[in-house]
Amino acid sequence: MWRTRRIAVAVALVLTAAGAAVVTTSTAAVAADLSVSQAIAAQDGRSASVVGYVVGQPTATSTVLRSGFTGDTALALADSASETGTTRMLYVQITAAYRAQFGLQSNPSLMGRRLVVAGQLTAYFSHAGLKSPTAMSLAGTTPTTSPTATGSSGPVEAYYAAAAGKTGTALRTALHNIIKVQTTISYDEVWNALKDTDQDPNNANNVVLLYSGRSQSKTTNGGGANDWNREHVWAKSHGDFGTATGPGTDVHHLRPEDVSVNSARGNKDFDLGGSAVSEAPGCLTDSDSFEPRAAVKGDVARMIMYMAIRYEGGDGWPDLEINNSVGNGSAPRIGKLSVLLQWHQQDPPDAFEKRRNERIYAVWQHNRNPFIDHPEWAASIWS
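Bear in mind the structure is a predicted one, so any value in this text is a computation, not a measurement.

S.K.: I'm lost on unusual backbone geometry in this one. Help?
M.R.: For residues besides glycine, phi is generally negative; the peptide bonds are generally trans as well. Residue Lys 336 is reached from Gly 335 by a cis peptide bond, and omega for that bond is 5°. Note on placement: Lys 336 falls in the loop between β19 (333-334) and α8 (337-346). Here the phi dihedral of Phe 125 falls at roughly 55°; this positive angle occurs in a residue that is not glycine. Note that Phe 125 resides in the loop between β7 (114-121) and β8 (129-138). With a phi angle near 55°, Asp 240 is a residue other than glycine that sits in the positive phi range.

Right, dumping it as structure tokens:
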């Protein structure tokens, strides 16, 4: 899954006039890279490029040498040069063409260096790995720039390459396979994520509350009166996934909200009408539904759509689906689809929502909400 374009020094295998294989370097445009954590989550045989720090030589499933290297056939990459936990490492096979330059016995000074490797994401040493490398290069120490939405030929389109030209069920399947590759965070980490993703563009010390629209100090998060807390837009009781790492901590549908407003929404489905919600101008609620203010109706719809595509019954989590009902209770369903599609059309993605999508991708989860990047896909899947 290729994310964006960058210029790097690529290592290539060529043949000399005598027919011998040698490794050469050349400057070329190559696709940008998965992090090690993303690569570990994507062990499905796909071809990908991964960037990480060299942290040792794997010799067994849970054994990585950090000195006294015994061979040039494997190395371990991690997202941090100081990583010691083997479960957070990617084991990389080094085939003959690359051993002279990238084997650790021959090149122990590679420890701690940042490396880009392209190859097949599949188990190695019965451990998350990359095999049959097709390119290896030193990447320096400057992190790869995160992609931004730059149009139909830009890096966002590279992220969605596997979905190009698809519609209906085929599109849904392709998008699920793309966005399920993500870094998960804990429920405690969500606090800091929201302080970043929902930062007030006019006041960096504040977040903007989803339903209330109020700008409030980042430091006032908690459970007290007028504090803000973590609103699950896809109510966590709809599928009973709670706050465990997974859908319960997925920042794509978690937003800061006033404690009492969060309580007023509860686990209600989304629909039109009701009585005014105290402290949330423009919001309405009744016994079984909640209607957000006009400025975020589309945001809510696209968060719900994301959840329905991301969580399809794998990963040990329920299969979340949108239906055209309210009062769904603890079933892994939420509605109303017809209303959410209407809101999606009425309130297209704005700058705040697009920035939020970028921050989640670049910093927190490394996956995207496709309905922010491609609003037209909603109708293709659900109409």
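What follows picks up the thread again.
S.K.: When you look at empty space enclosed by the protein in this model, what are you seeing that I'm missing?
M.R.: The probe, sized like a water molecule, is rolled over the atoms to show the empty space still left. Under the criterion given, the structure shown has one cavity of 30 Å³ or more. The computed volume of the largest cavity comes to approximately 70 Å³. His 252, Arg 255, Asp 299, Met 303, Glu 353, Arg 356, Asn 357, Ile 360, Asn 369 and Ile 372 together form the lining of the largest cavity. Broken down by secondary-structure element, the contributors of at least two residues to the lining of the largest cavity are α7 (297-310) and α9 (351-364). With four residues, α9 is the single largest residue contributor to the lining of the largest cavity. Its residues assigned to classes, the lining of the largest cavity shows three nonpolar, three polar and four charged.

S.K.: Got a minute to help me understand the pairing of strand β13 (residues 254-258) in this structure?
M.R.: Of all five residues that make up β13, five are buried, and the element is covered over most of its length. For strand β12 (residues 228-232) and β13, the ladder comprises five bridges, and the chain directions are antiparallel. For His 232, the partnering residue across the bridge sits in β13 and is Leu 254.

S.K.: I keep staring at the pairing of strand β10 (residues 203-208) and nothing clicks. Help me out?
M.R.: Within a regular beta strand, the side chains point alternately toward one face of the sheet and then the other, so they alternate between its two faces. Here two bridges tie strand β9 (residues 199-200) to β10, and the two strands are oriented antiparallel to one another. For Asp 200, the partnering residue across the bridge sits in β10 and is Asn 203. Taking the residues between adjacent antiparallel strands as the criterion, β9 and β10 are bridged by two residues. Pairing analysis gives three bridges linking β10 to strand β11 (residues 215-217), with the strands arranged antiparallel. Opposite Asn 206, over in β11, you have Ser 217 as the bridge partner.

About the cut-offs
Residues numbered from 1 in each chain as written. Predicted model: local features only at pLDDT ≥ 70, side-chain atom pairs only at ≥ 80, totals over all residues. Heavy atoms only, no water. Helix = DSSP H or I, 4+ residues; strand = E, 2+ residues; numbered from the N terminus. 1 Å grid on protein atoms, 1.4 Å probe; cavity = no way out; pocket = protein on both sides within 12 Å on 5 of 7 lines; lining within 4 Å. Points joined across faces, edges and corners; volume = space filled by probe spheres on them. Nonpolar A, V, L, I, M, F, W, Y, C, P; charged D, E, K, R; others polar. Buried < 20%, exposed > 50% of the residue type's maximum accessible area, 1.4 Å probe, protein only. Pairing = 2+ DSSP bridges.

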